[in-house]
Structure formats: C-alpha cells, structure tokens
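# Results of the structural survey
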Amino acid sequence: MSTVTVTAFIEAQDVDVWRLLTDLPARADWLSAVGAVDVLTPGPFGPGTAWCETRVRPDGAAEPEEFVVVEAVAPNRLVLSSRGAGADYRITWRLRPVERRRRGCTEVTVEQQAVPTAPYGRMLALILGGLAARAVEGALRRDLADLALAVAPNRSAEAA
C-alpha cells in the first residue's frame with residue numbers, strides 16, 4: 001500500500017470549504033484538472049453518492065475517474081473510494097478550523113491511499129512507486145490550491 005498526504009491552510013471557514021468541496025456540479029468550474037463532472041446518483045450528498053469526473057492529464061489526454069462517497073461528516077471529514085487499473089484508491093479529506101494571523105481559516109489535509117489489487121499493480125508500485133507518489137502529491141497540491149482560490153471570493157463577500 002502506498003500513501004500520500006498533503007496539507008494546506010485555506011483562508012476560509014470550514015463550512016465554506018466543505019460546501020464547495022461537496023458541490024459536485026461546481027467541481028469542473030474550480031478544479032483546473034477537471035474538464036467535466038457527471039453525477040451518477042440522485043439525491044443529497046452523502047455516503048453512496050457517486051460521480052465521474054474527467055481529469056485532463058499533463059499530456060492533454062482525458063482520463064475519467066469514478067468516485068463514491070464512503071463517509072461524509074460535515075464539515076470535518078470526507079472519505080471517497082475510487083477503483084483504478086490495478087489498484088483501489090481511498091481519498092480522505094480532513095478539515096479542521098484553526099486561527100492563523102488572528103483570522104479563522106481551515107487546515108485541509110488530503111490523504112490518498114493506493115492498494116494494489118492485481119499482480120501487475122504490485123509490480124508497478126515497486127517499480128514506479130516514488131515517481132507515482134510525486135505525481136499524486138503534485139495533483140493533490142494543485143487540487144488544494146484550486147480549492148483555496150475558489151473559496152476565497154466567498155470569504156471576501158462575507159467580510160464585506
């Protein structure tokens with residue numbers, strides 16, 4: 001199993017970060033690597049909610065990824081699962097309100113675990129483990145930066 005963890009501080013309240021993070025139709029608007037989102041299940045956001053987002057790789061190719069909500073504890077914890085080729089992924093988002101520079105903000109930690117499910121997945125993990133971990137870390141950092149930029153206008157609107 002391989003695990004990559006990234007943490008960032010976002011200048012917004014945890015409820016605002018949660019609201020944006022769980023607004024599935026809006027994901028393609030604020031995630032720079034996502035070209036489209038297709039919600040697969042009707043009803044409110046929660047365990048069992050599924051969607052497919054098409055991520056654009058650095059080489060320009062489109063790659064669909066399907067996610068299912070395993071756990072959703074607003075506004076603190078979101079756990080997703082995603083099946084990949086040769087591995088199952090578990091992505092955990094943790095939001096914790098903190099005070100920085102005398103302002104309220106949210107510490108957001110994203111952890112992605114990859115569990116190989118096929119022999120070739122284990123072999124690839126051994127051969128490309130470090131390279132894959134760096135690529136995942138870069139993608140998680142980009143997603144966190146996109147989230148921070150997208151939620152910032154909400155914070156300034158509240159302050160006005």
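Residues numbered from 1 in each chain as written. Predicted model: local features only at pLDDT ≥ 70, side-chain atom pairs only at ≥ 80, totals over all residues. Heavy atoms only, no water.

### So, the overall build of the protein chain
- When helices and strands are counted, the protein chain shows three helices and seven strands.
- When the helices and strands of the protein chain are placed in sequence order, the string is β-α-α-β-β-β-β-β-β-α.
- Taken over 160 residues, the protein chain has a buried fraction of 36%.
- Across the protein chain, every contact between residues at least 6 apart in sequence was considered, and the portion connecting residues at least 24 apart equals 50%.
- For the protein chain, the accessible area works out to roughly 8900 Å², and carbon and sulfur atoms hold 56% of it. (Helix = DSSP H or I, 4+ residues; strand = E, 2+ residues; numbered from the N terminus. Buried < 20%, exposed > 50% of the residue type's maximum accessible area, 1.4 Å probe, protein only. Contact = heavy atoms within 4.5 Å. Areas by Shrake-Rupley, 256 points an atom, 1.4 Å probe, with all protein chains shown as cover.)

### A short note on helix α1 (residues 14-21)
- Summarising burial for α1: six of the eight residues are buried, a large majority.
- Turning to α1, its buried residues are Asp-14, Asp-16, Val-17, Trp-18, Leu-20 and Leu-21.

### Focus on the confidence of the model for the protein chain
- In the predicted model, the protein chain carries a mean pLDDT of 86, and 84% of its residues have values of at least 70.
- For residues 155-160, every residue scores under 50 in pLDDT, and the model assigns this stretch six contacts once sequence neighbours within four places are set aside. (pLDDT = per-residue confidence, 0-100.)

### Brief notes about the sheet that holds strand β5 (residues 77-84)
- Taken in spatial order, the seven strands of this open sheet run β1-β7-β6-β5-β4-β3-β2, and their pairing is antiparallel. The two strands at the open ends of the sheet, each matched to only one other strand, are β1 (2-10) and β2 (34-39). The sheet shows a mean angle of 25° between the axes of neighbouring strands, taken without regard to direction.
- Along the sheet face, α1 touches β1, β4 (62-73), β5, β6 (87-100) and β7 (103-116) and points at about 155° away from the line of β6. (Pairing = 2+ DSSP bridges. Axes fitted to C-alpha atoms, helices over the stretch in contact; angles between N-to-C directions.)

### Considering the pattern of salt bridges
- The full count for this structure, using the stated rule, is nine salt bridges.
- Close ionic contact of Arg-19 with Asp-16 constitutes a salt bridge, the shortest N to O distance being 2.8 Å. Of the two residues, Arg-19 and Asp-16 both sit in helix α1, three residues apart, roughly one turn of that helix.
- What makes Arg-19 exposed here is its relative accessible area of 52%.
- Note on Asp-16: relative accessible area 4%, which makes it buried.
- Its salt-bridge partner being Asp-143, residue Arg-55 comes within 2.9 Å of it at the nearest N-O pair. Taken together, the positions of Arg-55 in strand β3 (residues 50-56) and Asp-143 in helix α3 (residues 119-159) put the pair 88 residues apart, joining distant regions of the chain. (Salt bridge = Lys/Arg side-chain N within 4 Å of Asp/Glu carboxyl O.)

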